[in-house]
Amino acid sequence: MSDGSEKFRVPTSHRIRWQDIVLGGVLLLAFFLRLFKYSSRPVFADEEATINLAGLNAIELWVNVPSMDPHPPIYYLFSRYWGEITNLTITNLRLTSVFFGTVAVYGMYRIGRLLYSEFVGLSSSLLLAVSPHHIASSQYARSYALFSLLIIFSFYYFWKLQKPSSASDLIGYILFTTLMASVHVYGSFLVFGQWIYFATAHFKLESKIPVRRFVKSQLGTGLLFIPSFLVIIQAARFRIGGSVGDITHANFPTPRVVVRTIGTFTGGRYSLHFGAVLLGLLMICILLFIYHLITDVRNGTESESATKTEQRVFILCWGVSVLFVPILISYGLVNIWDGRSTSGA
């Protein structure tokens, strides 16, 4: 006989898992760290430039931005309309970066879980949540926090394209990738990295994106990207022709500058205790490596599988494209090195 307790039993799909509680804690921590003193940071010249450009109307932005800024005007359009809803101030724009940065932490969890496991998703989102570099980017009235969010979700949906996927996955990829390439000029380099992965997977790896699905995704993205592409070409013509200066927030990308840029990802530029931050993150990575090594041995998966190869090639194409393509262009044509933008790697 039933004692009537079954009707009060919570369905398994509705139960709160401990992983959900941990993820919620990570997101709260990420939001707090990005919100903490976000309005009291010194104002940078780039942030003042954002306010000035956001004061232009839509037509003026599309016409004048190529001679004033190397990036398509999508972020400035967003800033303009956000300013009409609230008030066009640096503090209000920084608040949107706080939000974008927190959502990027959630995106890191999603892609870590998709590529590897629940544990990797949670641990990688925690690392991003406490990253001094990403915290600083998320307190900045520029497009960097939004750019990182779009990168993560573009690659998330790109990976899903090689599995049996729905129309929503294709639409998600086209939307996030178009915005990624339209918010920052480095977004185009990341699309190039996705092309490299597609070609490598098609000829060398077992898992691959169906050609028809890949063509659909690139055609959809390409059509939506045309207005931004024209702006990028015009901006490049101005800079290669010498009409305006180089695109640079750092010195020319010499090996020393590149190494120093990578060092900022561990908090070097944004922390008074660079050594402590670096050592802390290094210890976390070592512990995670040991944990996975033990887990692999226990599960008998110490031999490399095709899936692991695909994951590594995928991440390599992601990181290399946004690091080395700007270096090649800087040495061959015009300096477009922007150390903060390489955080996408």
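In short, a report on the structure.

Core analysis: the biggest nonpolar cluster contains 63 residues, and Ile111, Phe158, Tyr186, Leu190, Tyr197, Phe314 and Trp318 have the highest contact counts within it. If near-sequence neighbours (up to four positions away) are discounted, Phe314 is found in contact with Ile111, Leu115, Phe155, Phe158, Trp159 and Tyr197.

Summed over the entire model, instances satisfying the criterion amount to six salt bridges. Across the salt bridge formed by Glu118 and Arg17, the nearest N and O atoms sit 3.3 Å from each other. With a gap of 101 residues between them, Glu118 in helix H6 (residues 118-129) and Arg17 in the segment before helix H1 (18-35) connect regions that are remote in the sequence. Glu84 is paired through a salt bridge with Arg80; the nearest N and O atoms lie 3.6 Å apart. Taken together, the residues span about one helical turn, with Glu84 and Arg80 both in helix H4 (residues 74-85) at a distance of four residues. Judged by relative accessible area, which is 52%, Glu84 ranks as exposed.

A word on a nonpolar patch on the surface. A contiguous nonpolar surface patch, about 480 Å² in accessible area, is contributed by Leu223, Ile226, Phe229, Leu230 and Ile233. By relative accessible area, Phe229 is classed as partly exposed at 42%.

Let's shift gears to empty space enclosed by the protein. The probe, sized like a water molecule, is rolled over the atoms to show the empty space still left. Overall, the coordinates contain one cavity of 30 Å³ or more when judged by the stated rule. What the largest cavity holds in volume is close to 50 Å³. Here the residues of the lining of the largest cavity sort into four nonpolar, two polar and two charged.

Moving on, we get to the packing of aromatic side chains. Scanning the model with the defined rule gives 26 aromatic pairs in all. Taking 6.4 Å as the distance between ring centres and 15° as the angle between the ring planes, the aromatic pair formed by Phe78 and Trp82 counts as stacked. Remark: Trp82 and Phe78 occur in helix H4; sequence separation between them is four residues, near one turn of the helix. Relative to Tyr173, the ring of Phe158 has its centre 5.8 Å away and its plane inclined at 40°; by these criteria the two rings are tilted. Placement of the pair is Phe158 in helix H8 (residues 144-160) and Tyr173 in helix H9 (residues 167-183), with a sequence separation of 15 residues. The exposure class of Phe158 is buried, given its relative accessible area of 1%. In this structure Tyr173 comes out as buried when scored by relative accessible area, which is 0%. Taken together, Phe155, Phe158, Trp159, Tyr173, Tyr197, Phe314 and Trp318 form an aromatic cluster joined through their ring pairs.

Cut-offs and rules
Residues numbered from 1 in each chain as written. Predicted model: local features only at pLDDT ≥ 70, side-chain atom pairs only at ≥ 80, totals over all residues. Heavy atoms only, no water. Core = buried A, V, L, I, M, F, W, Y, C linked by side-chain atoms within 4.5 Å. Buried < 20%, exposed > 50% of the residue type's maximum accessible area, 1.4 Å probe, protein only. Contact = heavy atoms within 4.5 Å. Salt bridge = Lys/Arg side-chain N within 4 Å of Asp/Glu carboxyl O. Helix = DSSP H or I, 4+ residues; strand = E, 2+ residues; numbered from the N terminus. Patch = residues over 30% accessible without salt bridge, like charges linked within 9 Å, V, L, I, M, F, W, Y side chains within 5 Å. Areas by Shrake-Rupley, 256 points an atom, 1.4 Å probe, with all protein chains shown as cover. 1 Å grid on protein atoms, 1.4 Å probe; cavity = no way out; pocket = protein on both sides within 12 Å on 5 of 7 lines; lining within 4 Å. Points joined across faces, edges and corners; volume = space filled by probe spheres on them. Nonpolar A, V, L, I, M, F, W, Y, C, P; charged D, E, K, R; others polar. Phe/Tyr/Trp six-rings, centres within 6.5 Å; stacked < 30°, edge-to-face > 60°.

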